[in-house]
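# Summary of the model geometry
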Amino acid sequence: MSADIVDKVKTYLGKDFPVTLISQGAEALVFETKKHPFDPELTNNGYIIKYRPHKRYRHPQIDKTLTKKRTVAECRCLVKLNSMKGINAPLLVASDPYNGYIWQTKVGEQLPNGEFSSLKNFLWMHNNDEDAYLQKVQEVLIKVGQQIGILHNNQYIHGDLTSSNVVLQRSAESGSWEAYLIDFGLSGYSTMIEDKGVDLYVLERAIMSTHSLYAEKYNEWIMQGYKDSFDSEDHLKQVLKRFEEVRQRGRKRSMLG
Ligand SMILES: Nc1ncnc2c1ncn2[C@@H]1O[C@H](COP(=O)(O)OP(=O)(O)OP(=O)(O)O)[C@@H](O)[C@H]1O
């Protein structure tokens, strides 16, 4: 993505609104700022501005409609999650769906090695540790599984579960790491067992490809937390059965190339 998009965002926000570009994904540019969009007294942990730029390959009217639709859907999801008991997610601060902007609270902090506290960086940081440290990792991954379980138990799916879309933040009370889910661009309400099975499969694959050394253990711990979070044994059983089926389909597909 080009520098003119960044300039466009800076012009839109105004010169008194300092932002730092932290990510350029396929869908959006993500900026960080210390400044609240309309209350200068509020700074908290900082804010994230997610901007979906205009896609040149789309018809301008279709592009506008899609951008608005996706921005509103992500905002709705954030609002819903903020009222879902037990879910840790950023708070929606403001939005301009016509122009593709979402402001939300920043979650996460610096790890002891200076990296941002995504689950991905956390697992990499502990990759070469002795077994004694694995207990720390286990505690975190059980919490990650619980977050996904609570989401699914409430008939919501994430749609893009990777170790970058889970962020860790220390609890102010206990000092222990808590897991936060981020990036709800592909999330939404779904009662379909298939969607939940696919969510679990996507995360399992992401862990296997990014953290291969301990992937089996990591996935086991995530599933341990996941299973704890369901109200209905029957619902859980159905999801786990479908997860296995999705896995088998995935294996078949990779065998066929
Ligand atoms: N609320 C937040 N708090 C802290 N960091 C965030 C937050 N939202 C986004 N980020 C950072 O920005 C990155 C990209 O954000 P996000 O995944 O929402 O955008 P995206 O365009 O969908 O990215 P991708 O295409 O890579 O999935 C995240 O991996 C994370 O590092």
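So, how was this worked out
- Residues numbered from 1 in each chain as written.
- Predicted model: local features only at pLDDT ≥ 70, side-chain atom pairs only at ≥ 80, totals over all residues.
- Heavy atoms only, no water.
- Axes fitted to C-alpha atoms, helices over the stretch in contact; angles between N-to-C directions.
- Helix = DSSP H or I, 4+ residues; strand = E, 2+ residues; numbered from the N terminus.
- Parallel < 35°, antiparallel > 145°, perpendicular 65-115°, else oblique.
- Left-handed = near helix turned anticlockwise from the far one by under 90°.
- Contact = heavy atoms within 4.5 Å.
- Nonpolar A, V, L, I, M, F, W, Y, C, P; charged D, E, K, R; others polar.
- Buried < 20%, exposed > 50% of the residue type's maximum accessible area, 1.4 Å probe, protein only.
- Pairing = 2+ DSSP bridges.
- Near = heavy atom within 4 Å.
- Polar contact = N/O pair within 3.5 Å; in protein donor to acceptor, adjacent residues only side chain to side chain.
- 1 Å grid on protein atoms, 1.4 Å probe; cavity = no way out; pocket = protein on both sides within 12 Å on 5 of 7 lines; lining within 4 Å.
- Sits in = over half its atoms within 2 Å of the grid points.
- Domains from an automatic or database assignment.
- Expected span 1.5 Å × (residues − 1).
- Buried area = accessible area lost by both parts, 1.4 Å probe.
- Salt bridge = Lys/Arg side-chain N within 4 Å of Asp/Glu carboxyl O.

## Notes on the packing of helix α5 (residues 193-210) against helix α6 (residues 215-228)
Interhelical geometry of α5 versus α6 gives an angle of 150° and a closest axis separation of 9 Å. As summarised for this structure, α5 and α6 are arranged roughly antiparallel, according to the angle between their axes. Note that α5 runs across α6; the crossing there is right-handed. Across from K196, L200, L203, E204, I207 and M208 in α5, the residues of α6 making contact are A215, Y218, N219, I222, M223 and Y226. Among the residues forming the contact of α5 with α6, the class breakdown is 9 nonpolar, 1 polar and 2 charged.

## As for the pairing of strand β5 (residues 101-105)
With 5 of its 5 residues buried, β5 lies for the most part within the structure. On β5, burial covers both faces: Y101, W103 and T105 on one face and I102 and Q104 on the other are all buried. Relative to β5, strand β3 (residues 47-51) runs antiparallel, the two being bridged by 5 bridges. What sits directly across from Y47, in β5, is T105. The hairpin formed by strand β4 (residues 92-96) and β5 contains 4 residues between the paired strands, and G100 there has a positive phi angle of roughly 80°.

## Things to note about the site of the ligand
Taken together, 19 residues surround the ligand, and among them K50, Q104, T105, V107 and D183 come closest. T105 is positioned such that a nitrogen or oxygen atom in its backbone is 3.1 Å from a nitrogen atom of the ligand. At 3.0 Å, a backbone N or O of V107 approaches a nitrogen atom of the ligand. More than half of the atoms belonging to the ligand lie within 2 Å of the grid points that define the largest pocket. Looking at the shell around the ligand, the elements with two or more residues in it are β1 (20-24), β3 and β5. Classifying every residue of the shell around the ligand gives 9 nonpolar, 6 polar and 4 charged. For the shell around the ligand, the domains that each give at least three residues are domain 1 (3-105) and domain 2 (119-256).

## Some points on α5
Spanning 18 residues, α5 covers 26 Å between terminal C-alpha atoms, matching the ideal 26 Å at 1.5 Å per step. Of all the residues in α5, the buried ones are I193, E194, K196, G197, D199, L200, Y201, L203, E204, A206 and I207.

## Topic: the side chain of S187
Residue position: S187 is located in the loop between β8 (177-181) and β9 (188-189). Only 2.7 Å separates the side chain of S187 from the backbone oxygen of H158, close enough to count as a polar contact. With sequence-adjacent residues up to four places away left out, S187 is seen in contact with C77, I157 and H158.

## Digging into the sheet that holds β1
The strand order across the open sheet formed by 5 strands is β1-β2-β3-β5-β4, and the pairing between neighbours is antiparallel. Of all the strands in the sheet, just β1 and β4 have a single pairing partner and so form its edges. When the angles between neighbouring strand axes are averaged without regard to direction, this sheet yields 20°. Where β4 meets β5, 4 bridges bridge the pair, whose relative direction is antiparallel. Residue pairing across strands places L92 opposite Q104, the latter belonging to β5. In the packing of helix α1 (residues 3-13) onto the sheet, the strands contacted are β1, β2 (29-33), β3, β4 and β5, and the crossing angle to β5 comes to about 75°.

## What about the domain arrangement of the protein chain?
Considered domain by domain, the protein chain is made up of domain 1 (3-105) and domain 2 (119-256). Between the C-alpha centres of domain 1 and domain 2 there is a distance of 25 Å. If you look at the interface, domain 1 gives 15 residues, while domain 2 gives 16 residues. Summing the contributions of domain 1 and of domain 2, the shared interface buries around 1200 Å²; its carbon and sulfur component is 64%. For the domain 1 face of the interface with domain 2, the top three residues by lost area are C77, M84 and N88, together amounting to 39%. Across the domain 1-domain 2 interface, the total number found is 1 salt bridge. Across the pair D183 and K50 runs a salt bridge whose closest N-O atoms are separated by 3.0 Å. In this assembly, domain 1 and domain 2 are joined by 5 residue pairs in polar contact (both at pLDDT 80 or more). Ranked by residues supplied to the side of domain 1 that touches domain 2, first place goes to helix α2 (residues 60-82) with 5 residues.

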